[in-house]
Amino acid sequence: MIEINSLTKVYQEGDSAGVRAVNDISFTVDEGRFYTLLGPSGCGKTTTLRCIAGLEKANGGEIVVAGNKVFSAKDGTFVPAYRRPIGMVFQSYAIWPHMTVFENVAFPLRVGKQRVSNSDVKSKVKNALGQVELDGYEDRMATQLSGGQQQRLALARALVREPKVLLLDEPLSNLDAKLRERMRFELRELQRRLRITTLYVTHDQIEALSMSNVIAVMNSGVIVQEGPPREVYLQPKTKFVANFIGSTNQLSGQVVKIEGDGIGSVRTEDGEISCNVLEGLSVGSKVVVVIRPESIYLNQQKPAAAANILEGKIGAAMFLGEYVDCTVELGKNMLQTHQRYTTQVRRGDPVWVELPAGECMALPAE
Amino acid sequence: MATATIPRTGRMGVTLDPALLIPVVGAGVLIYLAVLPLLMLFIGSFQAEVAPREFVYTLKNYQAAYASQYTYSTFVNSLIFATGSAGLTFFLGTLLAWLTERTNVPLRGIFVPIAVVPLILPGVLESIAWIFLLSPKFGYLNVALMTLFGLDSPPFNVFSLPGMIWVHSVGQVPLAFLLMVAAFKSMDPSLEESAMMSGAATWQTFRRITLRLLMPTAASVLLILFVRTLESFETPALIGIPARIYVYTSEIYLAFNEYPPDYGRGGALAVGLLLLSAVGVWMYTRATKEGKKFQTVTGKAFRPRQFDLGPWRWAGFAFLMTYFVFVVLLPFLVLFWASFLPFFATPGWDALDKLSLDNYRYLYGFRPFWDALQNSIVLATLTATVAMVLTSLVAWIVYKSRLPGSWILDFLAFVPITIPGIVMGMALILLYVAFPIPIYGTIWVLMIAYVTRYIPYGMRAASGSILQIHSELEEAASASGASWWETFKRVTLPLLRPGLVAGWIYICIVSFREFSTSVLLATGESRVLSILLFTMFEQGQVTVVAAIGMCMIATLLTIVAVFYKLTGKIGIQT
C-alpha cells in the first residue's frame, strides 16, 4: 500500500552541505498493516512521514501510495498533499478553532475534487463521529473539547474521506498518561476494525510495541532494524536498538567460541557467558552482551548448574510495587534486574545471577 | 478568596494596615492623574466662560463644535483619514510581515529589522521629510519624476487627504508589521497542513483556514490603527492645516489657538474625540478577547510553513527593496541632505557647492535649541522613571497582593489608553487654569501629562515581568532562609529588572518624540524639541529644522544603544 524506495531528504542550511534528515531509506507497508517508525527526536521519522504526506518534498527516491506514484525524484513527479489519498492526524491535533465539531469533520468532504451532497456529508460525518464515540458533540465549538476528545475529532476528520492510508504523527504524546493508555488501546482496535493501512510515528517504545504489526527503528536518518515488535525487542541487532527499546544491561567482552545456530560464548570481565551471537561476528570480535533486566534470575543459594552463573552481591533494592528493581554488583560490572515483588533481599547479600542463554545477545561493540 | 490571600502579604513582611493603605494611595494617584482631568474637561465643555469665579452651565460650546458649517467636513475628513490610514497601514504591514515570515522571498531575513527602523523617526520629522519629497512646489520626488518623464505638472501633492493618509501610514507601518509578525508566528502551521491533508488546495486552505484564523487579530490591529490615527496630530498639523484639511485633532488645536482661545468649543470637541476613541478601544479589547479564543495550542515554538512563491518571489523581493529605498531610506536621506543646505533647493551639481555645516554651527549658538533639548531629555528620563515606579507598584498590588478591589486599580491604569494626546493637553489646561497650582507653563505639567498617557504602557511591561515571577520562586528563597528583604533584593528584583528596563526605555523614547500633548502644553521655556521643530518649520527655517531633526534622531539612537548595552549586561535572556 505504501512503497518507499531510496527516500532522501536534505535540509539546506546556507552554503553548507546540508543535513541529511532522511538518508536513502526503503520500506514497504502492506495493506491493512499497522507500521510504526520508532526513534528518538531528530532521527528523521517525522520527516519521512511528511514526505509521504506531501508536506515536504524529498530530494531523492520514490514514494508510491495505493499503487500511484506520488513522488519520484527521477521523473519529477510530485503529487500535492491535497491530491493524495491520505488522512493524517497531527501531534497538535490541528483542530480548527473557528469551526464546530461538525464543520471540522465535514471540511474534507466539502473541499477537494469530488462533490459530496449535503445529505451524504451529514451521514458520513455522523458515521465518522460514531466511530470515535463523539456522537452528540456535533454542535460544540471544537475548542470546547477536552484533549482526548480533540484527538478523537482529529481522527474522525482524517477518516471521513475514507483514505487509503492513515498517517499518525505522535498523536498520543499530548495526552496524560492514563488517557494515553486508553487511547492506545482504542486506536489499535479502530485500526483493526477498519483494516486501514496505517503509518505511525512515535518515540514511545510502548506505543510502538503494543500497537504495531511491524516496527522500523530509525536513527540518524536511516532504518536500523525492521521487524515485528517481539523480534525487535528480543533480538536487537545493534546496541542502539537494544538501548533505545526498553532498558538493557551491557557487558563488554570478546567472542571466544562459536557453535552452529548462532550460539556462542563470550568472555567478559566477570566470567564467560554463553549466548546468541549475531550473524557476522567471529571468534575474537569485540562485542557487548545485552540482557534485559527482567530476563535475569537471582539465586540466593548457589545453584547446582554452573552454566551462565555469575556471583555477586546485592547493591540496592527498590520496591516499585509491580516488581523489585534490584541491582547486583559483579566483580567489575553492575547489573540491573527486575525481580518478583515478593523478593526480599538486603544490600550486601550474596547472590548468584543466572543469565538465560537464549535471552542474552552478543552484538558488535561499535 | 480575600481572607485566604491576606495572610500571604502578612508573611511577606508587610503588616496588614499599610498593605491596605498602599492600594488606596495608588488609586488616589491614578484618579488624580487619569480621572480628574477628564472630569474637568467634561465640566469645562459645559462652561460658559473660561475660568470664571462660578460655574455657568451652557450648551453653546457643543453647538459651536457640532452644529457649525465645518462639522460635517471635519467628521468626513477624520473618518476618511482614519479609515484610509488604518487600511493602508494594515495592508503594507501585513504584506511585509507575510513576505518576511511566511514566504521564500530572497534575503527576507534582513528586511525584518529594516521594517522596524522608521520607529526611530518621530512623527513630526516623518511629515517634514515627506513634504520635502512630495511637495508640489519643490518636492524632490516630484521634480525628479517631472524631469525624468517630461511632465508638465507635479504627479504628487502631499497637501491632500491621500497625502496625509500616505505620510501617516508609512509612519505607522512598523507597528502593524510587528503585530502581524506576532500573529503569523503564533499560528500553528499544522492547522494549514491538516487542511491540505483533507484535500484542500493551496488557495482553499488560504481562504478557508489561514484568512479565517487571522481575522480576529486583523480586526484588532485595524481598530488600534484606526484609533491611533484618529488621535494623531503630527500629520494633521504639518500637512492638514496648510492644506486646509481639518480633522478633530486639528479643530481642537485651532480652537485653542484662536484669540482669545475658545476652551469651551475645544473641550466639547475633545469630549467627542474621547468618546470615539473610547468606543474604538472598547471594540479593540473585545476583538482581542475574541482572538484569544482561537489560540488553541500551547506556547510551543512553531516552524512556520513557508509558501513557495516560485518566480513571484522576485516580485516580492522587488517590493521589499522598493519599500526599503523609498519608505525607509529616502526620508532619512532627504533630512540628512537638507540639514547641510542654507535653504531648501533641488539636488544637483550646483547644490553641492552650497553644502555646509552652517545649520549645525547655528544650532550650536542657538539658545532655544539647547533649552528644548534639555527639556526633552529631562522630561523623557523623568517620565519614564516616575511611570515605571508607579506602574510596578500598581502592577504588584493588582497581580500579587490580590487585595479586594484591586481590579479597580487595573481598570484605572487602563483608562489613559483611551485619551488622545491633544485631549489630554486640553484637559490639563482646563484643570490647571482652574486650580491654583502654579505648574501651568512649566515642564511639570508636561511630565504629568506624559506619565498619565504612558501608564498603560508601563503597566504592560511591569505586569508582564511580575506575572512571570511565580510565587514559588520567592517561596523557595524564603525556604532557603532568606529574609523578606533578601528575597526581594536577590530574587524578585533581578527577575523584574529586564522587563522594567525595557518598559523604561520604551516610555523614554515615546516621551522624547511626543507631540500631540506637548503642542498645547509646551510654551515658552517649557518648549520641547518636537514643538521647536514644529514652530520653526512653520516660520520657514526648514533646513535648520532638518539639522535639529538629525540631532533628535542621534539622541534617540543613543538612548536605544544605551538600552541594548544595559539589557545586555543585566541578567535574564529569555
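Since the model is a prediction, treat every value here as computed from it, not as a measurement.

**Quick word on helix α20 (residues 443-468) of chain B**
Residue and element names in this part refer to chain B. A rise of 1.5 Å per residue sets the reference length of α20, with its 26 residues, at 38 Å; its end C-alpha atoms lie 35 Å apart and thus fit the reference within 8%. Bending of α20 peaks at approximately 50 degrees at the position of I455, with proline P456 no more than four residues after it. Most of α20 is tucked away, with 19 of its 26 residues classed as buried.

**Re the confidence of the model for chain B**
Residue and element names in this part refer to chain B. Residues at a pLDDT of 70 or more form 90% of chain B, whose mean pLDDT is 84. Here residues 1-15 is modelled with pLDDT under 50, and outside its nearest four sequence neighbours on either side it reaches 10 contacts, counting other chains as well. Considering only residues more than four positions removed or in separate chains, one finds that residues 296-301, a stretch of pLDDT under 50, has 5 contacts. Both confidence scores are given for the complex: pTM 0.79, ipTM 0.77.

**Let's talk about the domain arrangement of chain A**
All names here are of chain A. Assigned domains within chain A: domain 1 (2-239) and domain 2 (247-364). Distance between the C-alpha centres of domain 1 and domain 2: 39 Å. Each partner contributes residues to the interface: domain 1 has 5 residues there, and domain 2 has 5 residues. A class-by-class count of the residues in the side of domain 1 that touches domain 2 yields 1 nonpolar, 2 polar and 2 charged.

**Some details on the sheet that holds strand β3 (residues 34-38) of chain A**
Residue and element names in this part refer to chain A. One open sheet accounts for 6 strands, arranged β7-β8-β9-β3-β10-β11; its pairing is mixed. The sheet is open, and its two borders are formed by β7 (86-89) and β11 (222-227), each paired with just one other strand. The average undirected angle you get between the axes of adjacent strands in this sheet is 20 degrees. Relative to strand β10 (residues 214-219), β3 is paired through 4 bridges, and the arrangement is parallel. Considered in β10, the bridge of T36 is made with I215. Strands in contact with helix α4 (residues 147-159) are β7 and β8 (165-169); relative to β7, the strand with the most contacts, it is inclined by about 170 degrees.

**Comments concerning the domain arrangement of chain B**
Residue and element names in this part refer to chain B. Domain annotation of chain B identifies domain 1 (1-45 + 358-574) and domain 2 (68-338). A separation of 26 Å is found between the C-alpha centroids of domain 1 and domain 2. Each side of the interface is counted separately: domain 1 has 34 residues, and domain 2 has 32 residues. Of all the secondary-structure elements, those providing two or more residues to the side of domain 1 that touches domain 2 are α2 (16-45), α19 (421-434), α23 (518-521), α24 (529-538) and α25 (542-569). Looking at the side of domain 1 that touches domain 2 element by element, the count peaks at 10 residues for α25. Considered class by class, the residues forming the side of domain 1 that touches domain 2 number 25 nonpolar, 8 polar and 1 charged.

**A few points about the nonpolar core**
Buried together is how nonpolar side chains tend to be arranged in soluble globular proteins. Core analysis: the largest hydrophobic core is formed by 250 residues, its most contacted members being A156, L167 and V289 of chain A together with A270, M426, A427 and L428 of chain B. Considering each element in turn, this core owes the most residues, 14 residues, to α20 of chain B.

**Points about the interface of chain B and chain A**
Taken together, the contact between chain B and chain A spans 19 residues of the former and 21 residues of the latter. Secondary-structure elements contributing two or more residues to the side of chain B that touches chain A are α9 (189-197) and α10 (202-231) of chain B. Considering every element that reaches the side of chain B that touches chain A, the biggest residue donor is α9 of chain B, with 6 residues. Considered class by class, the residues forming the side of chain B that touches chain A number 9 nonpolar, 6 polar and 4 charged.

**Regarding unusual backbone geometry**
The bulk of non-glycine residues show a negative phi, and the bulk of peptide bonds are trans. Cis geometry is adopted by the peptide bond preceding P260 of chain B, which originates at Y259 of chain B and carries an omega value of -5 degrees. Topologically, P260 of chain B is positioned in the loop between α12 (248-257) and α13 (263-293). A positive phi angle, close to 50 degrees, is found at E162 of chain A, a residue other than glycine. Counting through the fold element by element, E162 of chain A comes out in the loop between α4 and β8. Since 13 C-beta atoms lie within 10 Å of it, E162 of chain A is described here as partly exposed.

Cut-offs used in this document
- The numbers attached to residues start from 1 for each chain and follow its sequence in the written order.
- Chain letters start at A and ligand numbers start at 1, both assigned in the order the entries are written.
- Only residues with pLDDT of at least 70 get local features here, since the model is predicted, and only at 80 or more are side-chain atom pairs given and counted; chain-wide, interface and lining totals rely on the full set of residues.
- Strands here are runs of E lasting at least two residues and helices are runs of H or I lasting at least four, both read from the DSSP assignment and numbered beginning at the N terminus.
- One less than the number of residues in a helix, times 1.5 Å, gives the span that helix is expected to have.
- Here the bend at each residue means the angle between axes fitted to two seven-residue stretches, the one ending at that residue and the one beginning there.
- Here a residue counts as buried when 20 or more other C-beta atoms sit within 10 Å of its C-beta, as exposed when there are 12 or fewer, and as partly exposed otherwise, the C-beta atoms being derived from the backbone.
- The pLDDT value tells you how sure the predictor is about a given residue, anywhere from 0 up to 100.
- C-beta atoms are placed from the backbone for every residue, and two residues are taken to be in contact when these atoms lie within 7 Å.
- Note: domain ranges come from an automatic or database domain assignment.
- Throughout this entry, Asp, Glu, Lys and Arg are counted as charged residues, while Ala, Val, Leu, Ile, Met, Phe, Trp, Tyr, Cys and Pro are counted as nonpolar. The remaining residues, Gly among them, count as polar.
- Here, strands pair whenever DSSP counts at least two bridges between them.
- Axes here mean lines fitted to C-alpha atoms, for a helix over just the part in contact, with angles spanning 0 to 180 degrees between N-to-C directions.
- In plain words, the nonpolar core is the set of buried Ala, Val, Leu, Ile, Met, Phe, Trp, Tyr and Cys residues that C-beta atoms within 7 Å link up.

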